[in-house]
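# Understanding the architecture of this molecule
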Amino acid sequence: MTKRIMQFGDVHLDRSTEENAAHAMELLVAAARELQPDLIVNTGDLAMKRGSLEPWVAAALRNFHTDLADVAPVVVVAGNHDLVYEDGRADSLVGALKFSAAADRIHLASTAMVLDVAGVQIACLPYPSRHVARAAGITGSREEVNVQMSAMLGDVARSLGAQVQTGQPSIL
């Protein structure tokens, strides 16, 4: 069974990127409408700044994902710019997307999980922020933290891989 999957990431929407990001989002929606994928996967970093989203950013992201969800189910895997709190929650992003008219077709992964969307298993591994690393007890110099975070990511990726069922389309 063939599945057509459209993937993109790193929109990084804010005032400094507004013109380019808005144009890129228009092109992505046009491409989705033309290509008619079975699934759309946004691999994160929707906004440039962590923390509360400005209302115009939240509205632009909501409209963008609603337009995409009119074409196919959308999976959003939160990036390190999207995870804003010490416990890894993506509340600002959740708030931006949950009021979409297509919220039932937009799936947000703000923690490591395997989703089954459109007949495809997707192992979602949001990139952890330094807050997540500190909460996991990772300390040391920047280089030491990076090494420890890489090891942690490898462990989580292997765990997610073990959860994916063989014989079914999947993204690891």
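Our subject is the structure listed above.
Read on for a plain summary of the structure. (Residues numbered from 1 in each chain as written. Predicted model: local features only at pLDDT ≥ 70, side-chain atom pairs only at ≥ 80, totals over all residues. Heavy atoms only, no water.)

### Remarks on the overall build of the protein
Secondary structure summary: the protein contains 5 helices and 7 strands in total. For the protein, the N- to C-terminal ordering of α and β elements is β-α-β-α-β-α-β-β-β-α-α-β. Taken across its 172 residues, the protein has 41% of its residues classed as buried. Considering only contacts in the protein between residues 6 or more positions apart, those separated by 24 or more positions represent 74%. If you sum the accessible surface of the protein, you get close to 9,000 Å²; carbon and sulfur atoms cover 52% of it. (Helix = DSSP H or I, 4+ residues; strand = E, 2+ residues; numbered from the N terminus. Buried < 20%, exposed > 50% of the residue type's maximum accessible area, 1.4 Å probe, protein only. Contact = heavy atoms within 4.5 Å. Areas by Shrake-Rupley, 256 points an atom, 1.4 Å probe, with all protein chains shown as cover.)

### So, the pattern of salt bridges
Evaluation of the coordinates by the stated rule reveals 1 salt bridge. Between aspartate 155 and arginine 158 there is a salt bridge; the shortest N-O distance is 2.7 Å. Here the residue aspartate 155 and the residue arginine 158 both occupy positions in helix H5 (residues 142–163), the gap between them amounting to 3 residues, near one helical turn. On the basis of relative accessibility, which here comes to 55%, the residue arginine 158 falls in the exposed class. (Salt bridge = Lys/Arg side-chain N within 4 Å of Asp/Glu carboxyl O.)

### Concerning helix H2 (residues 55–69)
Its 15 residues give H2 an end-to-end C-alpha distance of 21 Å, which sits within 8% of 21 Å, the value for a rise of 1.5 Å per residue. What H2 keeps buried is the set Val57, Ala58, Leu61, Phe64, His65, Thr66, Leu68 and Ala69. (Expected span 1.5 Å × (residues − 1).)

### Brief notes about the sheet that holds strand E3 (residues 74–77)
With parallel pairing, 4 strands are arranged side by side in an open sheet as E1-E2-E3-E4. The sheet is open, and its two edges are formed by strand E1 (5–8) and strand E4 (106–109), each paired on a single side. Strand-to-strand twist across the sheet, computed as the mean angle between neighbouring axes with direction ignored, equals 15 degrees. Inspection of the sheet shows E3 paired to E4 by 4 bridges, in the parallel sense. Its bridge partner lying in E4, valine 76 is registered against leucine 108. (Pairing = 2+ DSSP bridges. Axes fitted to C-alpha atoms, helices over the stretch in contact; angles between N-to-C directions.)

### Quick word on unusual backbone geometry
Not every positive phi belongs to a glycine, and glutamine 36 is a case in point at roughly 50 degrees. Although it is not a glycine, alanine 118 adopts a positive phi angle of roughly 55 degrees.

### Some points on the sheet that holds strand E5 (residues 113–117)
Read across the open sheet, the 3 strands follow the order E5-E6-E7; overall the sheet is mixed. Single-partner strands in this sheet number two, and they are E5 and strand E7 (170–171). Pairing of E5 with strand E6 (residues 120–124) involves 5 bridges; the strand directions are antiparallel. Each bridged residue has a counterpart across the sheet, and for valine 114 the counterpart in E6 is alanine 123.

### Observations concerning the side chain of threonine 66
Counting through the fold element by element, threonine 66 comes out in helix H2. Taking relative accessible area as the criterion, threonine 66 reaches 14% and is therefore assigned buried. Of note is the side chain of threonine 66, whose polar atom sits 2.8 Å from the backbone oxygen of arginine 62. Every residue in contact with threonine 66, bar those within four places of it in the chain, is listed here: Ser100, Ala101, Ala102 and Ile106. (Polar contact = N/O pair within 3.5 Å; in protein donor to acceptor, adjacent residues only side chain to side chain.)

### Quick word on the nonpolar core
With 23 residues, the main nonpolar core has Val11, Leu13, Ile40, Phe64, Leu68 and Val74 as its most contacted residues. Counting residues per element, this core draws most heavily on H2, at 5 residues. The contact partners of phenylalanine 64, leaving out residues within four places of it in the chain, are Phe8, Val11, Met25, Leu28, Val29 and Asn42. If you look at the next biggest cluster of nonpolar residues, it comprises 10 residues, including Val77, Val117, Ile122 and Cys124. (Core = buried A, V, L, I, M, F, W, Y, C linked by side-chain atoms within 4.5 Å.)

By themselves, these figures tell us nothing about what the structure is for.
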